[in-house]
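# Breakdown of the fold
What follows is each chain in one-letter form.
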Amino acid sequence: MTGDERFHTLVTEEAIRDRVRELGEEITRDFLGRDLVLVAVLKGSCIFLADLCRHVDLPLTLEFLGLSSYGDRTQSSGVVRITQDLTHPVEGRDVLLVEDIVDTGLTLDFLMRHFEVRKPRSVGICTLLHKPSNTMKDVKLDYVGFTIENRFVVGYGLDYEQRFRNLPYIGYVED
Ligand code: IMP
(Lines give C-alpha, C1' and ligand atoms only; values in the text may rest on other atoms or scores of the structure.)
Protein backbone atom coordinates (compact mmCIF):
# COMPACT_ATOMS: atom_id res chain seq x y z
CA MET A 1 0.00 0.00 0.00
CA THR A 2 2.75 2.46 0.88
CA GLY A 3 4.25 1.86 -2.56
CA ASP A 4 0.92 2.80 -4.12
CA GLU A 5 0.81 6.26 -5.73
CA ARG A 6 -2.63 6.79 -4.16
CA PHE A 7 -1.06 6.56 -0.68
CA HIS A 8 -0.46 9.95 0.94
CA THR A 9 1.10 11.18 4.15
CA LEU A 10 -1.32 13.07 6.36
CA VAL A 11 0.83 13.70 9.46
CA THR A 12 4.60 13.46 9.17
CA GLU A 13 6.87 11.72 11.62
CA GLU A 14 8.33 15.07 12.66
CA ALA A 15 4.91 16.66 13.25
CA ILE A 16 3.88 13.68 15.38
CA ARG A 17 7.09 13.90 17.40
CA ASP A 18 6.65 17.61 18.12
CA ARG A 19 2.98 17.33 19.02
CA VAL A 20 3.48 14.30 21.27
CA ARG A 21 6.17 16.21 23.15
CA GLU A 22 3.79 19.17 23.59
CA LEU A 23 1.01 16.91 24.86
CA GLY A 24 3.39 15.26 27.33
CA GLU A 25 4.51 18.63 28.66
CA GLU A 26 0.91 19.79 29.02
CA ILE A 27 -0.04 16.60 30.90
CA THR A 28 3.01 17.03 33.15
CA ARG A 29 1.84 20.53 34.11
CA ASP A 30 -1.79 19.50 34.61
CA PHE A 31 -1.12 16.44 36.78
CA LEU A 32 1.69 17.76 38.94
CA GLY A 33 1.45 16.22 42.43
CA ARG A 34 -1.34 13.81 41.40
CA ASP A 35 -1.42 10.00 41.21
CA LEU A 36 -1.58 9.38 37.46
CA VAL A 37 -2.25 6.15 35.58
CA LEU A 38 -2.04 6.16 31.80
CA VAL A 39 -4.35 3.57 30.25
CA ALA A 40 -3.65 2.62 26.65
CA VAL A 41 -6.41 1.11 24.57
CA LEU A 42 -4.88 -1.77 22.60
CA LYS A 43 -3.63 -2.23 20.04
CA GLY A 44 -3.76 1.09 18.24
CA SER A 45 -2.59 3.31 21.13
CA CYS A 46 0.52 1.40 22.16
CA ILE A 47 2.96 3.35 19.97
CA PHE A 48 1.43 6.69 20.98
CA LEU A 49 1.56 5.69 24.66
CA ALA A 50 5.20 4.59 24.41
CA ASP A 51 6.23 7.99 23.01
CA LEU A 52 3.85 10.08 25.12
CA CYS A 53 4.78 8.60 28.51
CA ARG A 54 8.45 9.50 27.94
CA HIS A 55 7.44 13.16 27.77
CA VAL A 56 5.38 13.03 30.96
CA ASP A 57 7.81 13.96 33.70
CA LEU A 58 5.84 12.57 36.64
CA PRO A 59 5.73 9.35 38.67
CA LEU A 60 2.99 7.31 36.95
CA THR A 61 1.88 3.78 36.13
CA LEU A 62 0.84 2.22 32.83
CA GLU A 63 -2.14 -0.03 32.17
CA PHE A 64 -3.46 -1.66 29.02
CA LEU A 65 -7.01 -2.36 28.05
CA GLY A 66 -7.90 -4.72 25.23
CA LEU A 67 -11.06 -4.00 23.27
CA SER A 68 -12.68 -5.66 20.33
CA SER A 69 -12.93 -2.96 17.70
CA TYR A 70 -13.62 -2.88 13.98
CA GLY A 71 -12.95 -6.56 13.30
CA ASP A 72 -10.91 -5.78 10.19
CA ARG A 73 -13.50 -3.45 8.69
CA THR A 74 -13.31 0.29 8.26
CA GLN A 75 -16.70 1.23 9.69
CA SER A 76 -17.42 1.54 13.41
CA SER A 77 -19.87 -1.12 14.55
CA GLY A 78 -20.52 0.55 17.91
CA VAL A 79 -20.12 -2.88 19.50
CA VAL A 80 -17.36 -2.80 22.10
CA ARG A 81 -16.18 -5.72 24.21
CA ILE A 82 -13.33 -5.87 26.75
CA THR A 83 -10.88 -8.60 25.78
CA GLN A 84 -8.15 -7.69 28.29
CA ASP A 85 -8.77 -5.87 31.55
CA LEU A 86 -6.58 -3.71 33.82
CA THR A 87 -4.18 -5.48 36.14
CA HIS A 88 -4.43 -3.03 39.08
CA PRO A 89 -7.30 -1.11 40.71
CA VAL A 90 -7.65 2.56 39.77
CA GLU A 91 -9.81 3.61 42.72
CA GLY A 92 -8.88 7.09 43.92
CA ARG A 93 -6.39 7.60 41.10
CA ASP A 94 -6.31 10.02 38.17
CA VAL A 95 -6.89 7.98 35.01
CA LEU A 96 -5.92 9.29 31.60
CA LEU A 97 -7.20 7.15 28.73
CA VAL A 98 -4.78 7.20 25.82
CA GLU A 99 -6.50 6.62 22.47
CA ASP A 100 -5.16 6.48 18.93
CA ILE A 101 -8.22 8.00 17.28
CA VAL A 102 -11.73 9.12 18.20
CA ASP A 103 -14.12 8.57 15.33
CA THR A 104 -17.79 8.09 16.32
CA GLY A 105 -16.96 8.39 20.05
CA LEU A 106 -18.85 5.13 20.77
CA THR A 107 -15.75 3.36 22.11
CA LEU A 108 -14.92 6.15 24.54
CA ASP A 109 -18.51 6.54 25.65
CA PHE A 110 -18.46 2.86 26.59
CA LEU A 111 -15.08 3.21 28.31
CA MET A 112 -16.06 6.23 30.37
CA ARG A 113 -19.00 4.27 31.78
CA HIS A 114 -16.75 1.26 32.34
CA PHE A 115 -14.34 3.41 34.41
CA GLU A 116 -16.95 5.25 36.47
CA VAL A 117 -17.81 2.12 38.46
CA ARG A 118 -14.14 1.68 39.39
CA LYS A 119 -14.27 4.96 41.33
CA PRO A 120 -11.14 6.73 40.05
CA ARG A 121 -10.50 10.26 41.31
CA SER A 122 -10.86 11.47 37.71
CA VAL A 123 -10.99 10.11 34.15
CA GLY A 124 -9.59 12.14 31.28
CA ILE A 125 -8.99 11.40 27.62
CA CYS A 126 -5.92 12.00 25.49
CA THR A 127 -6.29 11.10 21.82
CA LEU A 128 -3.73 11.47 19.09
CA LEU A 129 -6.35 11.99 16.37
CA HIS A 130 -9.93 13.21 16.29
CA LYS A 131 -12.37 12.92 13.35
CA PRO A 132 -15.16 15.25 14.52
CA SER A 133 -17.29 14.80 11.40
CA ASN A 134 -18.28 11.27 12.48
CA THR A 135 -19.30 12.08 16.06
CA MET A 136 -22.23 10.02 17.35
CA LYS A 137 -21.42 10.34 21.06
CA ASP A 138 -20.05 13.65 22.24
CA VAL A 139 -17.35 12.73 24.76
CA LYS A 140 -15.16 15.46 26.30
CA LEU A 141 -11.62 15.16 24.93
CA ASP A 142 -9.05 16.71 27.28
CA TYR A 143 -6.03 16.43 24.97
CA VAL A 144 -6.15 16.13 21.16
CA GLY A 145 -3.05 15.73 19.02
CA PHE A 146 -4.53 16.49 15.60
CA THR A 147 -8.06 17.08 14.32
CA ILE A 148 -8.42 15.44 10.91
CA GLU A 149 -10.92 15.12 8.08
CA ASN A 150 -13.10 12.08 7.62
CA ARG A 151 -10.53 9.74 6.08
CA PHE A 152 -9.49 6.24 7.03
CA VAL A 153 -5.90 6.59 8.23
CA VAL A 154 -3.15 4.12 9.06
CA GLY A 155 0.29 4.19 10.67
CA TYR A 156 1.78 5.09 14.06
CA GLY A 157 -0.28 2.30 15.65
CA LEU A 158 -3.37 2.57 13.45
CA ASP A 159 -4.14 -0.38 11.23
CA TYR A 160 -6.04 -1.56 8.21
CA GLU A 161 -6.77 -5.26 8.68
CA GLN A 162 -4.00 -5.36 11.33
CA ARG A 163 -1.35 -4.00 8.92
CA PHE A 164 0.57 -0.70 8.71
CA ARG A 165 0.79 -0.10 12.48
CA ASN A 166 4.57 0.18 12.18
CA LEU A 167 4.62 3.16 9.80
CA PRO A 168 6.33 6.04 11.62
CA TYR A 169 3.87 8.56 10.10
CA ILE A 170 0.11 8.70 9.49
CA GLY A 171 -1.18 8.18 5.96
CA TYR A 172 -4.31 7.47 3.95
CA VAL A 173 -5.32 6.09 0.58
CA GLU A 174 -6.98 8.45 -1.88
CA ASP A 175 -10.46 7.26 -2.95
P1 IMP B 1 -15.00 5.06 17.52
O2 IMP B 1 -15.66 4.16 18.54
O3 IMP B 1 -15.85 5.15 16.27
O4 IMP B 1 -14.65 6.40 18.06
O5 IMP B 1 -13.72 4.32 16.99
C6 IMP B 1 -12.56 4.21 17.71
C7 IMP B 1 -11.69 3.11 17.16
O8 IMP B 1 -11.96 2.83 15.78
C9 IMP B 1 -10.24 3.52 17.18
O10 IMP B 1 -9.65 3.24 18.44
C11 IMP B 1 -9.65 2.71 16.06
O12 IMP B 1 -9.30 1.42 16.51
C13 IMP B 1 -10.78 2.60 15.05
N14 IMP B 1 -10.67 3.62 13.98
C15 IMP B 1 -11.47 4.68 13.76
N16 IMP B 1 -11.08 5.38 12.69
C17 IMP B 1 -9.97 4.76 12.22
C18 IMP B 1 -9.07 5.03 11.13
O19 IMP B 1 -9.19 6.00 10.37
N20 IMP B 1 -8.04 4.16 10.99
C21 IMP B 1 -7.84 3.09 11.79
N22 IMP B 1 -8.66 2.81 12.82
C23 IMP B 1 -9.72 3.63 13.05
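Residues numbered from 1 in each chain as written. Predicted model: local features only at pLDDT ≥ 70, side-chain atom pairs only at ≥ 80, totals over all residues. Heavy atoms only, no water.

### Here we look at the pattern of salt bridges
Across all of its chains, the model carries 11 salt bridges by this definition. Here glutamate 149 ties to arginine 151 by a salt bridge, and the two come within 3.7 Å at their closest N and O atoms. A cluster of three or more residues bridged by salt bridges with shared partners is formed by Arg34, Asp94 and Arg121. (Salt bridge = Lys/Arg side-chain N within 4 Å of Asp/Glu carboxyl O.)

### Things to note about the sheet that holds strand S1 (residues 7–11)
Strand order in the open sheet made by the 3 strands is S1-S9-S8, with antiparallel pairing throughout. In the strand order of this sheet, the two ends are held by S1 and strand S8 (153–154), each with one partner. Where S8 lies against strand S9 (residues 170–173), 2 bridges are found, and the strand directions are antiparallel. The residue of S9 that forms the bridge with valine 153 is tyrosine 172. (Pairing = 2+ DSSP bridges. Helix = DSSP H or I, 4+ residues; strand = E, 2+ residues; numbered from the N terminus.)

### Some details on the site of the ligand
Residues in contact with the ligand amount to 17 residues; listed here are only the nearest, Asp100, Asp103, Thr104, Thr107 and Val153. At 3.3 Å from an oxygen atom of the ligand is found a side-chain nitrogen or oxygen belonging to glutamate 99. Coverage of the ligand by the protein chains reaches 94% of its 500 Å² of free accessible surface. Secondary-structure elements contributing two or more residues to the shell around the ligand are strand S5 (94–102) and helix H3 (106–116). If one sorts the elements of the shell around the ligand by residue count, S5 sits on top with 4 residues. Considering only residue class, the shell around the ligand consists of 7 nonpolar, 4 polar and 6 charged. (Near = heavy atom within 4 Å. Polar contact = N/O pair within 3.5 Å; in protein donor to acceptor, adjacent residues only side chain to side chain. Areas by Shrake-Rupley, 256 points an atom, 1.4 Å probe, with all protein chains shown as cover. Nonpolar A, V, L, I, M, F, W, Y, C, P; charged D, E, K, R; others polar.)

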